[in-house]
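So you can see what is in the structure, the chains are spelled out below.
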Amino acid sequence: MGPCGARPDARKDAAKLRGLIRCCRPLQIMVVSELWTALSGASGAALVCCFMAAAVALHRSGRRAAQGAAARARQRQQASLESMDKAAQRFRLQNPDLDSEALLALTLPQLVQKLHSGELSPEAALFTYVGKAWEVNKETNCVTTYLEDCETQLSQAPKQGLLYGVPVSLKECLNYKGQNSTLGLSLNEGVLAECDSVVVQVLKLQGAVPFVHTNIPQSMFSYDCSNPLFGQSTNPWKSSKSPGGSSGGEGALIAAGGSPLGFGTDIGGSIRIPSSFCGICGFKPTVSRLSMIGLKSSVYGQIAVQSSVGPIARDVESLALCMRALLCEDMFRLDPTVPPLPFKEEVYTSSRPLRVGYYETDNYTMPTPAMKRALLETKQSLEAAGHTLVPFLPNNIPYALETLSLGALFSDGGTTFLQNFKGDFVDPCMWNMILTLKLPTWLKGLLAFLLKPLLPRLAASLSHMKSRSVEKLWELQHEITMYRNSVIAQWRALDLDVLLTPMLGPALDLNAPGKAIGAISYTVLYNCLNFPAGVVPVTTVTVEDEAQMEHYGGYFEDIWDKALQKAMKKSVGLPVAVQCVALPWQEELCLRFMREVEQLMTPEKRPF
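So, a few notes on the structure that sits alongside this text. (Residues numbered from 1 in each chain as written. Predicted model: local features only at pLDDT ≥ 70, side-chain atom pairs only at ≥ 80, totals over all residues. Heavy atoms only, no water.)

Thoughts on the overall build of the protein chain
So, point 1. In terms of helices and strands, the protein chain carries 23 helices and 13 strands.
So, point 2. For the protein chain, the proportion of its 608 residues judged to be buried stands at 56%.
So, point 3. Long-range pairs, those at least 24 residues apart, make up 81% of the contacts in the protein chain with a sequence separation of at least 6.
So, point 4. If you sum the accessible surface of the protein chain, you get close to 25600 Å²; carbon and sulfur atoms cover 59% of it. (Helix = DSSP H or I, 4+ residues; strand = E, 2+ residues; numbered from the N terminus. Buried < 20%, exposed > 50% of the residue type's maximum accessible area, 1.4 Å probe, protein only. Contact = heavy atoms within 4.5 Å. Areas by Shrake-Rupley, 256 points an atom, 1.4 Å probe, with all protein chains shown as cover.)

So, in structure tokens, the structure goes:
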């Protein structure tokens, strides 16, 4: 061994290599010189022009493909809507005495009871909702596809199923055999699902009749609801407002009475935000309490912060009925990775007083006046009903949001996500995110350093949206586990049953959510923690709330806070919700708490 630990023959090899490099250097210089000389002449200019022309042609070719995909998607949507209208009109002509308004006014449990007793036929339920969905879509553009085989499904629906004859709407990402799940991306247009997702299979085995796919934001990484294939969905309460996202089509359709029960997915608030914005109830279970097999995504393999599938409906009892139906042997058989935990009826129906943690603000996104009032009024009602309310705030929320959640979602710097957009148009709701992700890593780091004193939240976001090594990813996943354990320990120390938190609301203006990313702080925290969470509407925006909003500045007074303040103007009468949370695998307790809140708080229901 040599003095530095290197073998003598290794040093000789290194010397030979350096000599070879020195010998090759003139050759390298000559090649580069010849290439430069060639490119400097007329032929070189022509070659450069050819390269540029090829690049432009490829770009235009990609755009033409995207335009073609959008045209096909719109034609398919239009054909679906025409089929819906014809089916509904045909049924009305054949059944002129049916009281459709009375049918639509039934709660889901009431509808199920009448279907099981034979007082209503599954055909009456289906075609009445098909007609209503068609009407709602005219105002909100929430339906992407009519699942026409629902008409044949009627005769196959098992009568013993808990959801026998119930029409069900599906977020577009839930695979349905023979149908597209585009996610609003042109590369997915025309790619038909080979089989139903497991959730859809179990719904059918329980007698439900899926009848429409509903709209989503492009890629589903937004809490707005617009894409280049199907366009913008709007809020049924006010057309200038967003229905939320990414399950925005579901929110709009159910709120306006076009479906009694729907399904969405949630990785940052995508069930809860549309439910809040549209004044209905939505529930995000613990990851894998319901099967995720057969759900389309724009990014696969990211498991640090995961999505979950859950129900959306007009009341809590409908959510519970849905969970009761899905947590069955068929679910556990079709997806053995789902824990075989049937619905715990005794937990849901219990009336024992609850020990409820609560917080008025997460100190990251300042609650709007209506959000704060909704939380405090709900707290007071719960206390008056005999429950114990205890102040509780999960520790280190900014760390959970920025380092853990953002770091997990974009551990590859957004490379995988961006591949979905190659050659495609980018919807306005995605502009800010795409622009940020496309920045080179070095520029993200530089901007993060420069912006930190003035815009700390934006700086932190840029800093954590960079690619990382496998070692750093494992470290991040461990940090998420440790953070979850620390919050559970906090929770246990206060002996809490459930948690009450503010919920983002009222609805933002169209195209505003992409400019106020930080506002998902109240929801994405519970995706990072993997706690079940649901929302319940409890009030509406008052004139006083609106007046106080003029003085809203946010905690940071940055572009996110300013965008939020601007986007929530002209909101008097819009719904406002609260969020109910439980520990992992305690879905029944969370739903029981949601039901308690719903019974105590009775917001005005708007007839659409």
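Details of the packing of helix α14 (residues 397–409) against helix α18 (residues 456–464)
So, point 1. Here α14 crosses α18 at 40 degrees, and the two axes come no closer than 9 Å. For the element pair α14 / α18, the angle class is oblique. Our pair here, α14 against α18, has a crossing hand that is right-handed. Mapping the contact onto sequence places E402, T403, L406 and G407 in α14 and R457, A460, S461 and H464 in α18.
So, point 2. Taken together, the residues of the contact of α14 with α18 break down into 2 nonpolar, 4 polar and 2 charged. (Axes fitted to C-alpha atoms, helices over the stretch in contact; angles between N-to-C directions. Parallel < 35°, antiparallel > 145°, perpendicular 65-115°, else oblique. Left-handed = near helix turned anticlockwise from the far one by under 90°. Nonpolar A, V, L, I, M, F, W, Y, C, P; charged D, E, K, R; others polar.)

Observations concerning a positive patch on the surface
So, point 1. A surface patch of like charges, here positive, comprises K238, K515, K566, K569 and K570.
So, point 2. With respect to the helices and strands, the residue K515 is situated in the loop between β11 (498–502) and α20 (521–528).
So, point 3. K515 gets classed as partly exposed once you look at its relative accessible area, which sits at 47%. (Patch = residues over 30% accessible without salt bridge, like charges linked within 9 Å, V, L, I, M, F, W, Y side chains within 5 Å. Salt bridge = Lys/Arg side-chain N within 4 Å of Asp/Glu carboxyl O. Lys, Arg positive; Asp, Glu negative; His and termini not counted. Charge placed at Lys NZ, Arg CZ, Asp CG, Glu CD.)

Focus on the packing of α14 against helix α19 (residues 470–493)
So, point 1. For the pair α14 and α19, the least separation of the axes is 10 Å and the interaxial angle reads 145 degrees. Relative to α19, the crossing made by α14 is left-handed. Contacts between α14 and α19 involve I397, Y399, A400, T403, L404, G407 and A408 from the first element and L476, E479, I480 and Y483 from the second.
So, point 2. Tallied by class, residues from the contact of α14 with α19 come to 8 nonpolar, 2 polar and 1 charged.

Let's talk about the environment of V543
So, point 1. Tracing the backbone shows V543 in helix α21 (residues 543–549).
So, point 2. Here V543 falls in the exposed class, since its relative accessible area comes to 57%.
So, point 3. Along the chain, V543 and S571 lie 28 residues apart, while their C-alpha atoms are 8.8 Å from each other.

Some details on a nonpolar patch on the surface
So, point 1. A grouping of W442, L446, F449 and L450 is seen on the molecular surface, where their side chains present a nonpolar patch of about 510 Å² in accessible area.
So, point 2. In this fold, W442 is placed in helix α17 (residues 441–451).

What about the pattern of salt bridges?
So, point 1. Within the structure shown, the criterion is met by 19 salt bridges.
So, point 2. Between R90 and E151 there is a salt bridge; the shortest N-O distance is 3.7 Å. A residue pair is termed long-range when its members are at least 10 positions apart, and R90 in helix α2 (residues 42–94) and E151 in helix α6 (residues 150–153) qualify at 61 residues.
So, point 3. E383 is the partner of K379 in a salt bridge, and the nearest nitrogen-oxygen pair spans 3.2 Å. In this pair, K379 and E383 both sit in helix α13 (residues 369–384), 4 residues apart, roughly one turn of the helix.
So, point 4. Exposure remark for K379: the relative accessible area of 15% places this residue in the buried category.
So, point 5. Salt bridges here are not isolated pairs; linked through shared partners, they connect R289, K344, E587 and E588.

Remarks on the environment of L375
So, point 1. Following the sequence through the fold, L375 ends up in helix α13.
So, point 2. Residue L375 is classed as buried on the basis of its relative accessible area, which comes to 1%.
So, point 3. Between the C-alpha atom of L375 and that of V538, which follows or precedes it by 163 residues, the distance is 8.8 Å.
So, point 4. With residues near it in sequence (within four places) discarded, L375 still touches Y358, Y359, E360, L500, T501, P502 and V578.

Topic: the sheet that holds strand β3 (residues 209–214)
So, point 1. Read from one edge of the open sheet, 11 strands run β1-β3-β2-β6-β8-β7-β12-β13-β11-β9-β10, paired in mixed fashion. Only two strands of the sheet have a single neighbouring strand rather than two, namely β1 (143–146) and β10 (388–391). In this sheet, adjacent strand axes meet at a mean angle of 30 degrees when their direction is disregarded.
So, point 2. Sitting on the sheet, helix α8 (residues 248–255) is in contact with β1, β2 (167–171), β3, β6 (262–266) and β8 (308–313), with an inclination near 150 degrees to β2.
So, point 3. In the packing of helix α10 (residues 316–326) onto the sheet, the strands contacted are β6, β7 (281–284), β8 and β12 (533–540), and the crossing angle to β8 comes to about 135 degrees. (Pairing = 2+ DSSP bridges.)

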